[in-house]
Amino acid sequence: MPLPVEAVLFAVIGVLAGTAALLLRPEYFARTRGLVLATGLVSALLSGLVIRYALAGGDPSATLLLTVIATALLTSVPARPDLAARRGTHRRRRHAA
């Protein structure tokens, strides 16, 4: 598969990973929504290229699978679960005083 086609697939993977992170855990990314999308896109492009060259342009399906895994891990970097817990967005029972 030619590099420009793979680069477009890497970009799609990155945007989908950023969007999925924002849809699945929005409370973890309260102030950094743009950063999450940018992190997903850049991490997919860079990890895809590194994996492609590490595998010497081998099997494209293996390259795409490893890119999805690396992008999912790197997209979670700006997550802030500690701030989500302080805001009280988790489902907790409040005890009557």
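Everything here concerns the structure above.
Position labels on residues start from 1 in each chain and follow its written sequence. Reporting of local features is limited, given that this is a predicted model, to residues whose pLDDT is at least 70; pairs of side-chain atoms are given and counted only at 80 or more, and all residues count toward the totals for whole chains, interfaces and linings. The side-chain quantities take in all heavy atoms of the structure and omit both hydrogens and water.

Novice: Just give me the short version of the packing of helix α1 (residues 3-24) against helix α3 (residues 60-75), but keep the residues and values in it.
Specialist: Helix axes use the C-alpha atoms of the stretch in contact, all axes being lines fitted to C-alpha atoms, and the angles between their N-to-C directions lie in the range 0 to 180 degrees. Strands are runs of DSSP state E lasting at least two residues, helices are runs of H or I lasting at least four, and both sets are numbered from the N terminus onward. Interhelical geometry of α1 versus α3 gives an angle of 35 degrees and a closest axis separation of 10 Å. Judged by the sense of rotation from one axis to the other, the crossing of α1 with α3 is right-handed. Here α1 contributes E6, L9, F10, I13, G14, A17, G18 and A21 to the contact with α3, which in turn contributes P60, T63, L64, T67, V68, T71 and T75. For this classification, Asp, Glu, Lys and Arg are treated as charged, while Ala, Val, Leu, Ile, Met, Phe, Trp, Tyr, Cys and Pro are nonpolar and the rest, including Gly, are polar. Its residues assigned to classes, the contact of α1 with α3 shows eight nonpolar, six polar and one charged. Take the far helix as the reference: if the near one is turned anticlockwise from it by less than a right angle, the crossing is left-handed, and if turned clockwise, right-handed. Should any heavy atoms of two residues lie within 4.5 Å, those residues are counted as being in contact.

Novice: Kindly report on the packing of helix α2 (residues 33-54) against α3, identifying the contributing residues and their values.
Specialist: Running from N to C, α2 and α3 point in directions that differ by 145 degrees, and their axes come no closer than 8 Å. With respect to the hand of their crossing, α2 and α3 are arranged in right-handed fashion. Across the interface between the two elements, V36, T39, G40, S43, A44, S47, G48, I51 and R52 from α2 touch T63, L66, T67, A70, T71, L74 and T75 from α3. Its residues placed into classes, the contact of α2 with α3 shows six nonpolar, nine polar and one charged.

Novice: Outline the pattern of salt bridges, supporting the account with residue identities and numerical values.
Specialist: Salt bridges, as used here, are contacts in which a Lys or Arg side-chain nitrogen is within 4 Å of a carboxyl oxygen on Asp or Glu. Summed over all chains, the structure comprises two salt bridges. For the salt bridge of R52 with E6, the shortest nitrogen-to-oxygen distance reads 2.6 Å. Here E6 lies in helix α1 and R52 lies in helix α2, a separation of 46 residues in the sequence. Considered together, R52 and E6 belong to a single accessibility category, that of buried residues. Note that R25 is salt-bridged to E27, the shortest N-O span being 3.4 Å. Whether a residue is buried, partly exposed or exposed follows from its accessible area with a 1.4 Å probe, protein chains only, as a fraction of its type maximum: under 20%, in between, or over 50%, in that order.

Distances and angles like these do not, on their own, reveal function.
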